[in-house]
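Residue-level structure breakdown
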Amino acid sequence: MFRYTYNTLVYGEEPLEIGIERVARDGYDGVEIVGEPSTMAVNSIAAALEDNGVVASSIISIFTPERDIVSSKALVRRAAIDYVKSNIEFAGQLGADIVTFTPTACMKISPEAAVEREWEWAREAAAELAAEAGGAGVKLVLEPWNRYETYLITRAEQAIRFIDEVDSPHLGYMADTFHMSIEEPDIAAAIRAAGSRLSHVHLADSNRAAPGQGHTDFVSIMQAIIDTGYQGWISYELLPAAGDVWGVLSGAGAPEFKEPYTADSIRHTKAIVAQLTGGADG
Ligand code: LER
Ligand code: MN
């Protein structure tokens, strides 16, 4: 029904090969990888995936002030588009299905231009990138972030409007339950509203720890995901409890995000899915 993957972002500066080994050992089908293709060796990543019997599921795009789809500076907007194109190429080389897209730098919380103008820049960029993704056999997915990480698209209803305006089969909606636990009045209803647009999923609990460590209701969320007919990747994007998303990752790290959370996450979801489906995906 689903394939499971774990985002190695939370492993911080640990060599990717070690993370790939852990994710494979804990029973995942795939590995989600941070997109920094200019500093990553495709061949050795592909070899590590193959050696461990897993595939690359998805590439997450990291948007910074230098790569911001809606910057008021044309050169920065172009750098962001070129960066996502490089992630699409990287995904194609690794055989990954998904590349993520969010139209602002991460942790930029107010606009530089009129919001209508920024929306238009974002829509033009998404149309260009979706066409590129289609050519590479990859799907571009729009991920709303919470209000402390962005301001432009924070809720599913906005993402749905945006996706419908772009109107490309290569652009889909991505749900991240951590952001949704802050912004959505009803996470399961938001997923149902996205329906067939749902194209990628990040699970994390309300505190961004492993599912089961916070107060998010994953039973209603998994039921909603099943009801949309979604058959893609279930990924876990977990992060330590800090406001500075990136700062924590270059620090000492939090060992529980390696173990037990890598093993716990997939076990937690598979138990819920087995309960909901009568064992079809246990
Ligand atoms: C990326 O997937 C995300 O959810 C952001 O919060 C940046 O980590
Ligand atoms: Mn996410």
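About the thresholds
- Residues numbered from 1 in each chain as written.
- Chains lettered and ligands numbered in written order.
- Predicted model: local features only at pLDDT ≥ 70, side-chain atom pairs only at ≥ 80, totals over all residues.
- Heavy atoms only, no water.
- Helix = DSSP H or I, 4+ residues; strand = E, 2+ residues; numbered from the N terminus.
- Rg over C-alpha atoms; globule rule 2.2 N^0.38 Å.
- Buried < 20%, exposed > 50% of the residue type's maximum accessible area, 1.4 Å probe, protein only.
- Areas by Shrake-Rupley, 256 points an atom, 1.4 Å probe, with all protein chains shown as cover.
- Lys, Arg positive; Asp, Glu negative; His and termini not counted.
- Charge placed at Lys NZ, Arg CZ, Asp CG, Glu CD.
- 1 Å grid on protein atoms, 1.4 Å probe; cavity = no way out; pocket = protein on both sides within 12 Å on 5 of 7 lines; lining within 4 Å.
- Points joined across faces, edges and corners; volume = space filled by probe spheres on them.
- Nonpolar A, V, L, I, M, F, W, Y, C, P; charged D, E, K, R; others polar.
- Donors = N, O, S within 2.8 Å, 3.2 Å for Na, K, Ca; no water.
- Tetrahedral: all angles 85-135°; square planar, octahedral: opposite > 155°, others 65-115°.
- Axes fitted to C-alpha atoms, helices over the stretch in contact; angles between N-to-C directions.
- Left-handed = near helix turned anticlockwise from the far one by under 90°.
- Contact = heavy atoms within 4.5 Å.

What follows deals with the overall build of the protein. A tally of helices and strands in the protein yields 10 helices and 8 strands. Taking 282 residues into account, the globule formula puts the C-alpha radius of gyration at 19 Å, and the protein, at 18 Å, falls close to it. Along the first, second and third principal axes, the C-alpha set of the protein runs to 50 × 40 × 35 Å. A buried classification covers 56% of the 282 residues belonging to the protein. Summing over all exposed atoms, the protein offers an accessible surface of approximately 11200 Å²; the carbon and sulfur share of this is 51%. Averaging the coordinates of the 21 positive side-chain charges in the protein and doing the same for the 41 negative ones gives two points 3 Å apart.

Over the atoms rolls a probe the size of a water molecule, and its path tells where empty space is left. Counted under the stated rule, the structure contains 2 cavities of 30 Å³ or more. Taken as a whole, the largest cavity encloses approximately 120 Å³ of empty space. Of the residues contributing to the lining of the largest cavity, the split by class is 8 nonpolar, 4 polar and 5 charged. Considered as a void within the structure, the second largest cavity measures approximately 40 Å³ in volume. If you go around the second largest cavity, the residues you meet are Pro 144, Thr 154, Ala 156, Tyr 173, Met 174, Asp 176, His 179, Met 180 and Glu 184. Sorting the residues of the lining of the second largest cavity by element identifies β6 (171–176) and α6 (177–183) as the ones contributing at least two each.

A word on the coordination of the manganese ion (ligand 2). Coordination of the manganese ion (ligand 2) by the protein involves Glu 143 (OE), Asp 176 (OD), His 202 (ND1) and Glu 237 (OE), with metal-donor separations of 2.0 to 2.2 Å. The site at the manganese ion (ligand 2) holds 6 donor atoms, and with the angles between them running 70 to 171°, its shape is octahedral. Considered as a linear motif, the donors of the manganese ion (ligand 2) on their single chain read E-x32-D-x25-H-x34-E. Linking Glu 143 in the loop between β5 (139–142) and α5 (156–166) with Asp 176 in strand β6, this pair joins segments that are 33 residues apart in sequence. Across this residue pair, the class does not change: Glu 143 and Asp 176 are buried.

The next thing to look at is the packing of helix α8 (residues 218–228) against helix α10 (residues 261–277). Across the interface, α8 lies against α10 with an axial gap of 10 Å and an inter-helix angle of 65°. The two elements α8 and α10 cross, and the hand of that crossing is right-handed. Taking contact as the criterion, the partners of Phe 218, Val 219, Met 222, Gln 223 and Ile 226 in α8 are, on α10, His 268, Thr 269, Ile 272, Val 273, Gln 275, Leu 276 and Thr 277. Per-class residue counts for the contact of α8 with α10 are 7 nonpolar, 5 polar and no charged.

Turning next to the layout of surface pockets. Its boundaries defined by the atoms lining it, the largest pocket holds a volume of some 330 Å³. Around the largest pocket, the lining is made up of 18 residues, and of these Thr 8, Leu 9, Gly 12, Val 34 and Met 40 lie nearest the centre. Going through the elements one at a time, α1 (16–25), β2 (30–34) and α9 (247–250) are the ones with two or more residues in the lining of the largest pocket. Size it by volume and the second largest pocket reaches roughly 190 Å³. Around the second largest pocket, the lining comprises 16 residues; the ones closest to its centre are Glu 149, Phe 178, Ala 242, Gly 243 and Val 245.

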